[in-house]
Amino acid sequence: MPAMPPFSRREMLRSSCAGFGYLALQGVLGLESAKAAVIDPLAPKQPHFPARAKRVIFLLMKGGPSQVDTFDPKPLLERDNGKPPPFALPRVKFAETGNLLKSPWKFRHYGQSGLPVSDLFPHVAKHVDDLCIIRSMHGTNPAHGGALLKLHTGSDTFVRPSLGSWVSYGLGTENSDLPAFVTICPTLAHGGVNNWGSAFLPAHCQGTPLGNASIPADQAVVRHIHNKKLSPEMQRAQLDLVSQMNHSHLDVAGANAALEARINSFELAYRMQSTMPELQDISGESEATRKMYGLDDPVTANFGRQCLMARRFAESGVRFVQVTHSDGFVQWDQHSDLLKGHTKNAAEVDKPIAGLLADLKSRGLLDDTLVVWGGEFGRTPVAQGSDGRDHNPHGFTMWLAGGGSKPGTAYGATDDYGYYAAVDKVHIHDLHATILHLLGLDHLRLTYRYAGRDFRLTDIAGEVVKGVIA
């Protein structure tokens, strides 16, 4: 005779003694009635300690902008242009490269800090006193897919929750009518949905995409945001019936996190039908604001709209907003024709990013909004072909603004030619630990138990970079 399948104590109590044991258990646990509200899993949560930032806007320059052509000038690179590199190259390279290649752009000093910025970013340069430029970033993967996953999830080999999902899990959202994590025009390549997915974290923590990188920003919306078959009144009646049935089940079966999350997702989706279109309607923005973001120029209009939407989402209580600059050519990935490619890319994002920084500051939002800029890696200071640069995860630049970061500073350094992080090195895990710290979250304590072990964004590594904190 086959063995009986095991069953839980709750099932045993419910089926024994005519169910009186289960009734007693209900009394002890104080289970709510069918009409009681389920706790919102995205309700605001207290951080581990006082936070410097309440929210994050992540500006992703997909493909890998060149550090030695943007925010990390190298005089020796210009002096020794065309010569063989006087240092050993990595054992593992993405492709073959040649001699040293100087930057085709000039660097100038800006602001009271006097920090140098190349001519690629004349508008962002005006805000250099608000930037904390990290020149000593380094990662582990020279390929786009692995490097993007590392930047977003902390792992380049396993499916793990994204940074935005960890922030959502740790802090919830400040607006119950909106998701905690929104990603605007994300790329579907090189990791795709895993870059904003929640993996084993609860489903409500994953990012909500608006369109994707192949869709113009003015057409990017949340999928199925409009219901053409049912009126709002009929949808409300339908949701009320489903909710009553689900709560009745909870009364009998007991607490069920998955079902409670599903109930809340239905309700959030219903509310988003009105809040999302209103939030994406920028007709009420002033002409001055629209020009500040470059919406009056076809070169900057697309990314400008994304940046303006990021401000509107952040202002409305969304905890983590990502804006992606990408196209079908992997955007900043100039293996050849560096001058043409980086000039085009910077022209599309420079004014919108400057507009975002100015807008946040004028509204008092930059103090508690952490803006993060960068790509999955940098570029080599040696040439690929005659006029390109290869992938370089060994030393590159990212910058922070606002949210408790130290303004008007440059932290760390690459070597004299810009190939390797050399001084005060900052690994991707360190960046993640620092972002969480500014949000009031201890990366060692922000854990989730799955498959028999505790996971965290920084895995078994990561140190808070105190030198970038104001």
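Each chain has its residues counted from 1, running along the sequence as written. It should be noted that, the model being predicted, local features are given only for residues of pLDDT at least 70 and side-chain atom pairs only at 80 or more, the latter also being counted only at that level, while totals for whole chains, interfaces and linings use all residues. Heavy atoms throughout the structure, all of them, feed into the side-chain values; hydrogens and water do not.

**Description of the overall build of the protein chain**
Secondary structure elements follow DSSP: runs of H or I no shorter than four residues count as helices, runs of E no shorter than two count as strands, and numbering proceeds from the N terminus. A tally of helices and strands in the protein chain yields 12 helices and 17 strands. Exposure categories follow from relative accessible area, calculated using a 1.4 Å probe and restricted to protein chains: below 20% of the type maximum is buried, above 50% is exposed, and the middle band is partly exposed. Looking at the protein chain residue by residue over its 470 residues, the buried ones come to 52%. Residue contacts are defined here by distance: any two heavy atoms, one from each residue, within 4.5 Å place the two residues in contact. For the protein chain, long-range pairs separated by at least 24 residues make up 77% of all intrachain contacts whose partners lie at least 6 apart in sequence. With the model as given, the accessible surface of the protein chain reaches about 21000 Å², and the carbon-plus-sulfur share is 56%. Only the protein chains shown count as cover for residues, and all accessible areas are computed by the Shrake-Rupley method using a 1.4 Å probe.

**Quick notes on the environment of Pro 407**
Along the chain, Pro 407 turns up in the loop between strand E11 (396-401) and strand E12 (409-411). According to the relative accessible area criterion, Pro 407 is partly exposed, its value standing at 44%. In the structure, Pro 407 is positioned 278 residues away from Asp 129 in sequence and 5.7 Å away in space, judged by C-alpha atoms.

**Thoughts on the nonpolar core**
Core analysis: the largest hydrophobic core is formed by 54 residues, its most contacted members being Leu 59, Phe 121, Ile 184, Phe 313, Ile 353 and Trp 399. Leave out the neighbours within four places in its chain, and Leu 59 touches Cys 307, Val 323, Ile 353, Leu 356, Val 371, Val 372, Trp 373 and Gly 374. Joining through side-chain atoms within 4.5 Å is the link that ties buried Ala, Val, Leu, Ile, Met, Phe, Trp, Tyr and Cys residues into a set, and such a set is a nonpolar core.

**What about the packing of helix H10 (residues 301-315) against helix H11 (residues 338-362)?**
Here an axis means a line fitted to C-alpha atoms, over the contact stretch when the element is a helix, while the angle between two N-to-C directions is reported on a 0 to 180 degree scale. Taken N-terminus to C-terminus, the directions of H10 and H11 make an angle of 20°; their axes are 8 Å apart at the nearest point. For the element pair H10 / H11, the angle class is roughly parallel. In the crossing of H10 with H11, the sense of the turn from one axis to the other is right-handed. Contact residues: Phe 303, Gly 304, Cys 307, Leu 308 and Arg 311 in H10; Glu 348, Val 349, Pro 352, Ile 353, Leu 356, Asp 359 and Leu 360 in H11. Its residues placed into classes, the contact of H10 with H11 shows 8 nonpolar, 1 polar and 3 charged. Note on terminology: angles under 35 degrees are roughly parallel, angles over 145 are roughly antiparallel, angles of 65 to 115 are roughly perpendicular, and the others are oblique. Two helices cross in a left-handed way if the nearer one is turned anticlockwise from the farther one by less than a right angle. They cross in a right-handed way if the turn is clockwise. In this count, Pro and Cys sit with the nonpolar residues alongside Ala, Val, Leu, Ile, Met, Phe, Trp and Tyr, while Asp, Glu, Lys and Arg are called charged and the others, Gly among them, polar.

**Quick look at the packing of aromatic side chains**
Planes of paired rings set the category: under 30 degrees apart is stacked, over 60 is edge-to-face and the rest tilted, where pairs are Phe, Tyr or Trp rings (Trp by its six-membered ring) whose centres lie within 6.5 Å. Counted according to the given criterion, the structure contains 16 aromatic pairs. Taken together, a centroid distance of 5.5 Å and an interplanar angle of 80° make the contact between Tyr 169 and Tyr 448 edge-to-face. Here Tyr 448 lies in strand E16 (residues 448-450) and Tyr 169 lies in helix H6 (residues 163-171), a separation of 279 residues in the sequence. Judged by relative accessible area, which is 22%, Tyr 448 ranks as partly exposed. Pairwise contacts between aromatic rings join Trp 166, Tyr 169, Phe 200, Tyr 448, Tyr 450 and Phe 455 into one cluster. The cationic tip of Lys 45 hangs over the ring face of Tyr 169; the distance from NZ or CZ to the ring centre is 5.1 Å. Over the face of the ring belonging to Phe 455 we find Arg 453, whose NZ or CZ atom lies 3.9 Å from the ring centre. Ring-over charges, as used throughout, are those where CZ of Arg or NZ of Lys falls within 6 Å of the ring centre and within 35 degrees of the ring normal.

**Re the packing of helix H5 (residues 144-153) against helix H12 (residues 428-438)**
The interhelical angle for the contact between H5 and H12, taken along N-to-C directions, is 30°, at an axis separation of 9 Å. Put simply, H5 runs roughly parallel to H12. Residues Lys 150, Leu 151 and Thr 153 of H5 touch H12, and the partners they reach there are Ile 428, His 429, Leu 431 and His 432. Its residues placed into classes, the contact of H5 with H12 shows 3 nonpolar, 3 polar and 1 charged.

**Some details on unusual backbone geometry**
Notably, Asp 337 is not glycine yet its phi reads approximately 55°, a positive angle. You can see Asp 337 is positioned in the loop between strand E7 (320-325) and H11. In the Ramachandran plot, Asp 424 falls in the positive-phi region, its phi being about 50° despite a non-glycine side chain. Along the chain, Asp 424 turns up in the loop between strand E14 (421-423) and strand E15 (426-427). Residue classification places Asp 424 among the partly exposed positions, given a relative accessible area of 43%.

**Brief notes about the confidence of the model for the protein chain**
Scored from 0 to 100, pLDDT reflects the predictor's confidence in each residue. Of all residues in the protein chain, 88% attain a pLDDT of 70 or more, and the chain-wide mean is 89. The low-confidence segment residues 21-37, where pLDDT is below 50, has 23 contacts with residues more than four positions distant or belonging to other chains.

**Quick notes on the environment of Gln 67**
Tracing the backbone shows Gln 67 in the loop between strand E1 (55-61) and helix H3 (75-79). The spacing of Gln 67 and Arg 135 is 68 residues in sequence and 7.8 Å in space, taken between C-alpha atoms. Beyond its immediate stretch of four places on either side in the chain, Gln 67 contacts Asp 72, Gly 378, Arg 379, Asn 392, Gly 395, Phe 396, Thr 397 and Gly 418. Between N or O atoms, a polar contact is any pair within 3.5 Å; within protein, one atom must be a potential hydrogen donor and the other a potential acceptor, and residues adjacent in sequence are included only when both atoms are from side chains. Among the polar contacts listed, one links the side chain of Gln 67 to the backbone oxygen of Arg 379, at a separation of 2.9 Å.

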